[in-house]
Number of protein chains: 2
Amino acid sequence: MKKHNYSAGPCILPQEVFEKASQAVLNFNNSGLSILEISHRSKDFVAVMEEARTLALELLGLENKGYQALFLQGGASMEFLRIPFNLLKENGKASYLDSGTWASGAIKEAKAFGETVVVASSKEENYNHIPKNFEIPTDADYFHCTSNNTIFGTQIKSLPETNVPVVCDMSSDIFSRQLDFSKFDLIYAGAQKNMGPAGVTLVVVKEELLGKTGRAIPSILDYEKHIKAESMYNTPPVFAVYTSLLTMQWLKNLGGISAIEKINNTKAELLYAEIDRNPLFKGSASIEDRSNMNATFLLNDASHAETFDKMWKEAGISGLPGHRSVGGYRASMYNALPLESVQVLVDVMKELEVTIS
Amino acid sequence: MKKHNYSAGPCILPQEVFEKASQAVLNFNNSGLSILEISHRSKDFVAVMEEARTLALELLGLENKGYQALFLQGGASMEFLRIPFNLLKENGKASYLDSGTWASGAIKEAKAFGETVVVASSKEENYNHIPKNFEIPTDADYFHCTSNNTIFGTQIKSLPETNVPVVCDMSSDIFSRQLDFSKFDLIYAGAQKNMGPAGVTLVVVKEELLGKTGRAIPSILDYEKHIKAESMYNTPPVFAVYTSLLTMQWLKNLGGISAIEKINNTKAELLYAEIDRNPLFKGSASIEDRSNMNATFLLNDASHAETFDKMWKEAGISGLPGHRSVGGYRASMYNALPLESVQVLVDVMKELEVTIS
């Protein structure tokens, strides 16, 4: 039976990426060697890393604009630490928007470094919306936000205007929608949603931002050292970088971010229309902040859960339960999820309505 | 043509590991889903992580002895930083043995934290031997050493006796030889030699050692937080952990470390015997400290290099050139390299002798 993988991450990637990655584990570039056994300094892998770094900037429209792309290890949680180390001046000030669990984690790490202003928080409302109308201190070293909140199903639709450098955790919506990425000074994203397998993090940073804190930065946390080493300061996660490259190549061939954005909008509109139409369901997040990546929704009557759960499982759907802090359901509709899978879910929701009535 | 992969790392892994890993990228555990698209919280992957953590301790003979195994990200270079954060007390003292480039890198990171005593160094002799007869300060918080020096081809044969906790970077000889591992308090190893693909690091730590520094430790660097989260503090590098598990299963089925040690000894004896016998070659490292993992050697007459290089390439050998800081050749004979590959190299060395004379 055809699977419809709604996992929140690690998540579905394009089928052709799985096929090429699987083949490379047996025989990479017809070398007779596995991608897992070649030196990261070999000509073939150096070419992979170079293309990955270039293509990430190209997809974001950031080539030749003073940005560098890095593929690092540790997940977004490691960047929570690298960011204040690299950007928060001694006796400086950081500013953060608290829009969800991961934003909150980033704030916690920054607080250990220095003054950290939380400009606004939706925590009291269980992060069901994106805070707005806040002020960013003009003397902050940077402003940090999370563009999409996987757990709560909210997404920033318009960025605040500010003269302060903007740092953004785009882990769960990178490469999914067109933005003016040049308004960001540092973008980072754990790969395991729209970019590749777990085990690598993309960091895109405006180089002129670095080297200004006066801090002694441990080598492995220092973005400048990683840039100088062309993202090979130490052995990179070779397979995860290669598979990320395959995914970025797939996206480029599809027409890039603007092409996938149209598909993502269609998928999200289809599902949210059903959530709003079907009297059995309601959305969890504020309508104006709804995420096009993660749609969170609840049954109005929890007693229908058993029937509904049985139905979507029988339809080949997996990964639909919501995060424990929200409950209900979460349909993660990342780039590689086909429209067909959303239609299957919508059909099950309609079928539930018929079954119940 | 059959390939003989002498790469220093990432390096050869067992062929059956490549085959199983490749299959899992298409269809993991007959789930119809790729290992790359499943949640790290799924039952199937939680089982992988649990078995990997248990098997690592089992192979080292450290079950039920107060140790915990973790699979983290960042490579050994990240542990250079985590170790002082977790073990070096405020106003405490660290002690390090400087036996090579990586040891030196670990020392550099520790120095940023506090008093760091280098008990001995072979740097002046280009690290061609392991320093001996040094004293470890009895008031040190820990003693750090590197069991095998990949670049220089040296290996610690007997550990110093000390009452100070022993921390060891075993990146390039983990699981290759039997030691009394209970003499170590913390062992760490980047996977990409004997354990798996690049992108994951094994850390085995005696739990009672932790929580005693008085330092505020950033969450992602805190071993206690990773232990509490069962090595899933954040999304782990799923594929690298799974492939490491496959490699450890292969080793267990082979008979464990004591079985592979015999094979590794045979391979190393075969090659070093030829290096010592053949008048065209000489070893780079002190004989008593020679590594069974990485044999470094030189041509006595560099003018034969062109002929030799052509011959070993024609024999299907790859990855033989030495590190730029030593020159000559480096034959990395990790667990998965078959004896047959060593015989092919030895035959080429003999053939060179015939050709030259």
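Residues numbered from 1 in each chain as written. Chains lettered and ligands numbered in written order. Predicted model: local features only at pLDDT ≥ 70, side-chain atom pairs only at ≥ 80, totals over all residues. Heavy atoms only, no water.

A.B. asks: Hey, could you go over the nonpolar core for me, with residue numbers and the actual values?
C.D. replies: Judged by nonpolar contacts, the single largest core of 126 residues is most densely connected at Ile35(A), Phe71(A), Phe175(A), Ile35(B), Phe71(B) and Phe175(B). The contact partners of Phe175(A), leaving out residues within four places of it in the chain, are Ala56(A), Leu59(A), Leu60(A), Asn194(A), Met195(A), Leu202(A), Met248(A), Leu251(A), Ile257(A), Ile260(A) and Asn335(A). Listed in part, the 58 residues of the second largest apolar core include Ile107(A), Val167(A), Tyr223(A) and Phe80(B). (Core = buried A, V, L, I, M, F, W, Y, C linked by side-chain atoms within 4.5 Å. Buried < 20%, exposed > 50% of the residue type's maximum accessible area, 1.4 Å probe, protein only. Contact = heavy atoms within 4.5 Å.)

A.B. asks: Account for the UniProt feature "binding site: pyridoxal 5'-phosphate" (unreviewed entry) in chain A, naming residues and giving values.
C.D. replies: When the UniProt feature table is mapped onto this chain, "binding site: pyridoxal 5'-phosphate" (unreviewed entry) is found at Ala76(A), Ser77(A), Trp102(A), Thr150(A), Asp169(A), Gln192(A), Asn234(A) and Thr235(A). Taken along the chain, the residues just named run across 160 residues; in space they spread out, the farthest C-alpha pair reaching 30.6 Å. Topologically, Trp102(A) is positioned in helix α4 (residues 101-111). When neighbours within four sequence positions are excluded, Trp102(A) is seen to be in contact with Ser77(A), Phe80(A), Ile151(A) and Asp169(A). Along the polypeptide, Gln192(A) turns up in the loop between β9 (186-190) and β10 (201-206). Among residues more than four places away in sequence, those in contact with Gln192(A) are Gly9(A), Pro10(A), Cys11(A), Pro197(A), Ala198(A) and Thr235(B). (UniProt positions renumbered as here; feature names shortened; annotations may be inferred. Helix = DSSP H or I, 4+ residues; strand = E, 2+ residues; numbered from the N terminus.)

A.B. asks: Residue-level account of the sheet that holds strand β14 (residues 329-332) of chain A, with values.
C.D. replies: All names here are of chain A. Pairing is antiparallel across the open sheet formed by three strands, whose spatial order is β11-β12-β14. At either margin of the open sheet sits one strand with a lone partner, and together these are β11 (281-283) and β14. Sheet twist, expressed as the average angle between the axes of neighbouring strands with direction ignored, equals 35°. Across four bridges, the pairing between strand β12 (residues 294-299) and β14 is antiparallel. Bridged to Phe 297 within β14 is Tyr 329. Contacts between helix α8 (residues 305-314) and the sheet are confined to β11, β12 and β14, with β14 contributing the most and set at about 25° to the helix. (Pairing = 2+ DSSP bridges. Axes fitted to C-alpha atoms, helices over the stretch in contact; angles between N-to-C directions.)

A.B. asks: Describe in detail the domain arrangement of chain A, supporting the description with residues and values.
C.D. replies: All names here are of chain A. By domain assignment, chain A separates into domain 1 (15-254) and domain 2 (256-356). Measuring from the centre of the C-alpha atoms in domain 1 to the corresponding centre in domain 2 gives 28 Å. Contacts between the two partners involve 29 residues from domain 1, matched on the other side by 27 residues from domain 2. When the two sides are added together, the surface that domain 1 and domain 2 hide from each other amounts to roughly 2,200 Å², 53% of it contributed by carbon and sulfur. Linking domain 1 with domain 2 are two salt bridges, by the criterion used here. A salt bridge links Lys 132 to Asp 289, with the nearest nitrogen and oxygen atoms 2.9 Å apart. At the junction of domain 1 with domain 2, the criterion picks out 17 residue pairs in polar contact (both at pLDDT 80 or more). Per-element accounting of the side of domain 1 that touches domain 2 gives the leading share, four residues, to helix α6 (residues 238-254). Classifying every residue of the side of domain 1 that touches domain 2 gives 11 nonpolar, 12 polar and six charged. (Domains from an automatic or database assignment. Buried area = accessible area lost by both parts, 1.4 Å probe. Salt bridge = Lys/Arg side-chain N within 4 Å of Asp/Glu carboxyl O. Polar contact = N/O pair within 3.5 Å; in protein donor to acceptor, adjacent residues only side chain to side chain. Nonpolar A, V, L, I, M, F, W, Y, C, P; charged D, E, K, R; others polar.)

A.B. asks: With reference to specific residues and values, describe the UniProt feature "domain: Aminotransferase class V" (unreviewed entry) in chain A.
C.D. replies: Under the UniProt annotation, "domain: Aminotransferase class V" (unreviewed entry) lies at residues 5-345 of chain A. Its end C-alpha atoms 11 Å apart, residues 5-345 of chain A is made of 34% helix and 17% strand.

A.B. asks: Describe the interface of chain B and chain A, naming the residues involved and giving the relevant values.
C.D. replies: Accessible area lost upon the coming together of the parts is a frequently used measure of interface size. Each partner contributes to the interface: chain B provides 51 residues, whereas chain A provides 51 residues. Taken over both partners, the interface formed by chain B and chain A buries close to 3,800 Å², and the fraction arising from carbon and sulfur atoms is 62%. Three residues, Phe18(B), Leu36(B) and Glu37(B), lead the burial of chain B against chain A; their summed loss comes to 16% of the area buried on that side. One can count zero salt bridges joining chain B with chain A.

A.B. asks: Summarise the environment of Tyr233(B); cite the residues concerned and give the values.
C.D. replies: Along the chain, Tyr233(B) falls in the loop between α5 (223-228) and α6 (238-254). For the pair Tyr233(B) and Ile220(B), spaced 13 residues apart in sequence, the C-alpha to C-alpha distance is 7.7 Å. Residues in contact with Tyr233(B), not counting those within four places in the same chain, are Ser77(A), Ser219(B), Ile220(B), Lys225(B) and His226(B).

A.B. asks: If you had to explain the relation of the copies chain B and chain A to someone new, which residues and values would you point to?
C.D. replies: Least-squares fitting of chain B to chain A yields an RMSD of 0.0 Å, with the superposition described by an axial translation of 0.0 Å and a rotation of 180°. This pairing of chains is accounted for by a two-fold axis. Every residue of chain B has its C-alpha some distance from the rotation axis, and the shortest such distance is that of Ser22(B), at 2.3 Å. Of the interface residues in chain B, 100% have counterparts in chain A that sit at the interface too, so the contact is made through matching surfaces. (Least-squares fit on C-alpha atoms with pLDDT ≥ 70 in both.)

A.B. asks: I'd love a proper account of the environment of Asp173(A), names of residues and values included.
C.D. replies: Residues and elements named next belong to chain A. Inspection of the secondary structure puts Asp 173 in the loop between β8 (166-169) and β9. Through-space distance from the C-alpha of Asp 173 to that of Thr 150 is 8.8 Å; in sequence the pair is 23 residues apart. Apart from residues no more than four positions distant in its own chain, Asp 173 is found in contact with Ser 147, Asn 148, Gln 155, Asn 194 and Met 293. Engagement of the side chain of Asp 173 in a polar contact is seen with the side chain of Ser 147, the distance being 2.6 Å.

A.B. asks: Outline the pairing of β12(A), listing residues and values.
C.D. replies: Residues and elements named next belong to chain A. For β12, a buried count of five out of six residues is recorded, marking the element as mostly surrounded by other parts of the structure. As paired elements, β11 and β12 share three bridges and run antiparallel to each other. Within the sheet, the bridge partner assigned to Gly 283 lies in β12 and is Phe 297.

A.B. asks: A description of α6(B) should follow, citing residues and the corresponding values.
C.D. replies: All names here are of chain B. Taking 1.5 Å per residue, 17 residues should reach 24 Å; α6 reaches 25 Å between its end C-alpha atoms and fits that length. A large share of α6 lies buried, amounting to 13 of its 17 residues. Directly after α6, the chain includes Gly 255, whose backbone phi takes a positive value near 120°. (Expected span 1.5 Å × (residues − 1).)

A.B. asks: Summarise unusual backbone geometry; cite the residues concerned and give the values.
C.D. replies: For the peptide bond that leads from Gly9(A) to Pro10(A), omega is -5°, which places it in the cis range. Within the element layout of this structure, Pro10(A) appears in the loop between β1 (4-5) and α1 (15-26). With a phi angle near 55°, Asn30(A) is a residue other than glycine that sits in the positive phi range. As for its position among the elements, Asn30(A) is in the loop between α1 and α2 (43-60). Exposure remark for Asn30(A): the relative accessible area of 73% places this residue in the exposed category. One non-glycine residue, Asn91(B), lies in positive phi territory at about 60°. Structurally, Asn91(B) is set in the loop between α3 (75-87) and β3 (93-98).

A.B. asks: Pulling in residues and values, what's your account of the pattern of salt bridges?
C.D. replies: Counting across every chain of the model gives 34 salt bridges over all chains. Ionic pairing is found between Arg82(A) and Glu79(A), a salt bridge with its closest N-O pair at 2.7 Å. Residue Arg82(A) and its partner Glu79(A) are both found in helix α3 (residues 75-87); the two are separated by three residues, about one turn of the helix. An identical accessibility class is assigned to Arg82(A) and Glu79(A); each is buried. A salt bridge links Lys310(B) to Glu314(B), with the nearest nitrogen and oxygen atoms 3.2 Å apart. With Lys310(B) and Glu314(B) both in helix α8 (residues 305-314) and four residues apart, the pair spans about one turn of that helix. When its relative accessible area of 54% is taken as the criterion, Lys310(B) is described as exposed.

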